[in-house]
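Here are the chains, one letter per residue:
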Amino acid sequence: MKTRLHILSLPILAMIAISGCGSTKTDSGSKPDASTPSASSGTKTKIAFIPKSAGNPYFARLESGFKSSADQFGVEFTSQAPTTADATSQISVIKDQAQRGEEVIVLSPNSPDALNETLDQASAKGVVIITADADLTGNESHRSIGVLSCDFSTIGPEQVELLGALIGYEGEIAILSATSDAPNQNAWIEGMKKTLTDPKYSKMKLVEVVYGNDEPQKSTTETEALITKHPNLRGIIAPTSVGLAAAAQVLSQKELAPGAKNAKNGGLVLTGLGTPNELKKAVKAGTVAKFQLWDPADIGIVASYLGTQLRAKKLEAKVGTKFEIPGKGSFEIKDKNIVIAGKLVTFTKENIDQYDF
Amino acid sequence: MKRFIVPLLVIVAAYALLPRLFTADSTNSILLWLPLVLTVALGEFLVVVAGGIDISVGSIMGFSSMTVGIVFKANPSMPLPLAILVAVVCGLILGLINGALVARAKLPPLIVTIGTLATFRGLAFLIAKGETITGSYVPDSFTKLSNHGIPLGEVTLNWLAITSILCTAAFLWFTTNTALGRSIFAFGGQPEGALRRGIAATRIQTTVYALSGAMAGLGGAMYLSRFGQAQPGSAGSGFELTVIATVAIAGTKLTGGAGSIGKLVVAAIGVSALNVALSIQGISDDWQTLVYGSVLLVMVCADSFRRRSEVVV
Amino acid sequence: MRRNILPGLLIVLVAVIGNRLSPNFLDFAYLRDSATLVAELGLIAVGMNFIITSGNIDLSVGSNMVLTACITAKFMVGGMPAPLALLLGVGIGTLLGWLNGVLITYFRAPSFLITVATMAMYRGAAKALLGPQSVKAPSGIVGIDTQTFAGLTIPLLILLVTASIGAFVMQKTIFGSWVVAVGSNSRTALYSGVPVARVVRTSYTLTGFICGIAAMLMLSRLGLARHDLAMGSELDIITIVVVGGTAIQGGAANVIGSLLAFILIALLRSVMGVANFTAEYQMTIIGILLIGMVLANRLPLKLILQKLRPKSQRAP
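Residues numbered from 1 in each chain as written. Chains lettered and ligands numbered in written order. Predicted model: local features only at pLDDT ≥ 70, side-chain atom pairs only at ≥ 80, totals over all residues.

## Focus: the overall build of chain C
Helix and strand counts for chain C come out as 14 helices and four strands. Against the 2.2 N^0.38 benchmark of 20 Å for 316 residues, chain C shows a C-alpha radius of gyration of 20 Å, consistent with a compact globule. In terms of overall dimensions, chain C has C-alpha extents of about 75 × 60 × 35 Å along its principal axes. In chain C, which comprises 316 residues, the share counted as buried stands at 63%. For chain C, contacts bridging at least 24 residues in sequence account for 80% of all contacts bridging at least 6. (Helix = DSSP H or I, 4+ residues; strand = E, 2+ residues; numbered from the N terminus. Rg over C-alpha atoms; globule rule 2.2 N^0.38 Å. Buried ≥ 20, exposed ≤ 12 C-beta atoms within 10 Å, placed from the backbone. Contact = placed C-beta atoms within 7 Å.)

## Here's the deal with the domain arrangement of chain A
Quoted interface sizes are often the accessible area lost when the parts come together. Residue and element names in this part refer to chain A. Domain annotation of chain A identifies domain 1 (38-149 + 296-342) and domain 2 (152-293). One C-alpha centre belongs to domain 1, the other to domain 2; they are set 31 Å apart. Each side of the interface is counted separately: domain 1 has seven residues, and domain 2 has five residues. (Domains from an automatic or database assignment.)

## Quick word on the interface of chain B and chain C
At the junction of the two partners, chain B supplies 38 residues and chain C supplies 42 residues. Looking at the side of chain B that touches chain C, the elements that each hand over two or more residues are helix H5 (109-128), helix H11 (239-249) and helix H13 (285-306) of chain B. Its residues assigned to classes, the side of chain B that touches chain C comprises 27 nonpolar, eight polar and three charged. (Nonpolar A, V, L, I, M, F, W, Y, C, P; charged D, E, K, R; others polar.)

## With respect to helix H7 (residues 154-172) of chain C
Residue and element names in this part refer to chain C. In this model H7 runs 27 Å from its N-terminal to its C-terminal C-alpha over 19 residues, within 8% of the 27 Å that 1.5 Å per residue would give. The complete set of buried residues in H7 reads Pro155, Leu156, Ile158, Leu159, Thr162, Ala163, Gly166, Ala167 and Met170. For H7, the arc enclosing every buried residue in end-on projection is 165°, short of the 170-degree limit, so these residues lie on one face. Summarising the geometry of H7, the exposed residues directed more than 90 degrees from the buried face are Val161, Ile165, Phe168 and Lys172. Packed against the buried residues of H7 are helix H2 (28-37), helix H3 (39-53), strand S3 (152-153), helix H8 (174-184), helix H10 (196-222) and helix H12 (255-274). (Expected span 1.5 Å × (residues − 1). Arc of directions from axis to C-beta.)

## Regarding the sheet that holds strand S5 (residues 145-148) of chain A
Residues and elements named next belong to chain A. Pairing is parallel in the open sheet, where six strands are placed in the order S2-S1-S3-S4-S5-S13. Because the sheet does not close on itself, it has two edges, and the strands there are strand S2 (75-79) and strand S13 (338-340). Sheet twist, expressed as the average angle between the axes of neighbouring strands with direction ignored, equals 25°. Bridge analysis of strand S4 (residues 128-132) against S5 gives three bridges, and the strand direction is parallel. Residue pairing in the sheet places isoleucine 130 in a bridge with isoleucine 145 of S5. Packed onto the sheet, helix H10 (residues 296-311) meets strand S1 (45-50), S2, strand S3 (104-107), S4, S5 and S13 and runs at close to 165° relative to S4. (Pairing = 2+ DSSP bridges. Axes fitted to C-alpha atoms, helices over the stretch in contact; angles between N-to-C directions.)

## As for the packing of helix H2 (residues 24-49) of chain B against helix H12 (residues 261-280) of chain B
Residues and elements named next belong to chain B. For the pair H2 and H12, interaxial distance at closest approach is 8 Å and the crossing angle is 135°. By the angle between their axes, H2 is oblique relative to H12. By crossing handedness, the relation of H2 to H12 is classed as right-handed. For the pair H2 and H12, the contacting residues are Ser26, Ser29, Ile30, Trp33, Leu34, Val37, Leu38, Ala41 and Phe45 in the first and Ile261, Leu264, Val265, Ala268, Ile269, Val271, Ser272, Ala273, Asn275, Val276 and Ile280 in the second. Partitioned by chemical class, the residues of the contact of H2 with H12 number 16 nonpolar, four polar and no charged. (Parallel < 35°, antiparallel > 145°, perpendicular 65-115°, else oblique. Left-handed = near helix turned anticlockwise from the far one by under 90°.)

Below is the structure:
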């Protein structure tokens, strides 16, 4: 027994050595090394994207924007995700990417303020910092430009209108959000609350906002609890993909959607923000009538373009600057150096098959 | 009856916290939690009785739910029993890895399963290849297992709950009617004495970790059926704590050798009711962790206090 | 000391591999700063050595550090002078550690379960206290991680000093030998006059004290406190201790080994980061390292070393 054991430690050492070859991830160069001389590396901008966490299809779609436009803009693209989505998990990733010699770091921050010091240190090394999809709300000075999905002020009104039209502008409604400290979610929920003060929506009553933490398990329990607590609930807005999919699952299991077996007073209507692939089945089954999202790939394309321009100093990160992206149209740097990359699309039974992300 | 006091207290606490738990709707919600908690807890129970611990069960659940999801994605018309078999086999294989490291390489269970907790979670990410399993890939017939079943008035005894009850019966039979099953208790109570009496330690330890893995694998399939989606990072993550809490509340002797499956069932009902009560009561997310930790602490202290005299330290 | 050969060799191996994978890897300032990011974990690992050697475990250390940082930051924002608040912070950490020890020894409960519960409670308390917000630390105390002395950052120096003291206490003091005795066999220790309960309580209090220091370092490094910092750090800390060669069943300590393991893991993480290993590979490799090192620590090292030597030099 004992003599056999030492054989076991060899594979571990080998594994550490070998897996380096298999798992390095790069999308344009054949080698990940910063200094590998290649014919075009002199002109290419090295951009690294850091999503909130690994294994999220939303960010895979966002990355596809970088990849599809890499040749057009002359970008050598790579990405690296932290294992978890907690506030500080991105700190070491940012340091590692700066050390790798990346010239631009595009980041979807997990926290609006825990990364300030780290980002400043990277900037001091000459790295251009761009936030994408989420922003450093309140700490905008620690990045040069924030690329956001769409005009946030439109999300509240559009979502409320979407739900209102489906329930005849009357009845109790609830919101299923992600985490209670997500700046995007809170901005949208604020927008919804403000919209609900409009006389048009005076008969719609927001009874509760619950948080599913973007986990299927918690989102499901919270939705079930909502239904138990508020027997007269008519509508739920879930402005997050995981939440929307979880709520759709609950409605489908309990058969509470309009027209389903257990539907009371017209049925429970569900809408929100989500990716089409996750909700195709629910939309076709009628559990979700309509929902919205932007195309995350747009964020990647705009961030990639801005990265190359800021790096080459062809563009200045200044409010009011206008620029044109070939094939995408014109954009403007707005208040707090925010650029809006796309706009909301409403998905319905009719059009959902046209989208694949 | 006296021995059931601690697990029963949890149920009473949950219902005192929230009278609304008596409604059919809440009972249905509890019945959705129960199979997950009970099934995985059964496996953990045997490991603890054998004097070990398995904290990789959450990661095994994650891996098996991802695997079943991926198989469904490739082959949506796969028969359901086959899907469940895939999950159980996945769990069994991972459980055997734990078992081999504990029983054959003689490594401490806590360290083995802390290591495999990370490794199995990593494997779930690897097989996922950056994707998640969404509701669109899981067939309706599979998710319906969690809300269809035998109707009892307004309450539905769903198929998952029935499965977990059948598993409980099987475990009860295994631990009382087979030599191997009974030897687990003997081994956990006195590993050296049992060894001396010639009961094969390797066989017992391999069995309990393999069974724990298989039950966690089944739990992964239940997770997918219950929630309709699975992400490599979050599926089953942290579930090991719920399960260990259940085993502890059931008054299982945590150093091994003693425990009752009957009390485990009561504890699982209590934990499920507590989960539902915390959500329905609208105890803000900010306070839930604190409440959950406090309840667990009180249970552990109360249970340990009863047998203070047995332990040094 | 022979037990420290393998971690030492692995450190060299990882450095060589890292250098081959990326020319950006062997950069002292970068490696130093990366290690500083996790210096708090190495620090707590020193305390965890005592707990594990006494045959117990503490899963609440990460939560202790977070709750301590949150309370201290709250006091600072409330106007308490920084030096006083820092002292108070170390005190809070000590108190939380002591509470673990008291619960475990009074109720004679398994340390694993008590600290699972306090892990949830401490973090839950931080969450209840701050909600989703973060509290900023006053700028006066921010940035200790960027200050260097003799080429090392302050947190790394504190780690070195703490580990040295820890190793001394473990090997050369009566308390250290008591800890080992309790972990080897608590009943025998009790009968031979070792104050078992007090030794266990002191180990937890000591670790709580170190958690308090770590919390202050974290507060200074990040410049803020939130409830969700250092998630899962307890497992990282246990990994450091075990990879360093301390026996998880108790009874055999290796504080210097933990320091080497800290360097090894920090280095390994940097290699994987610079070489852009995906998150899932990083996780899997650290898990395998843990199990592999436990396996390796059971090897008959003498025998292998003898076999590796050229035949002529072999002892007859």
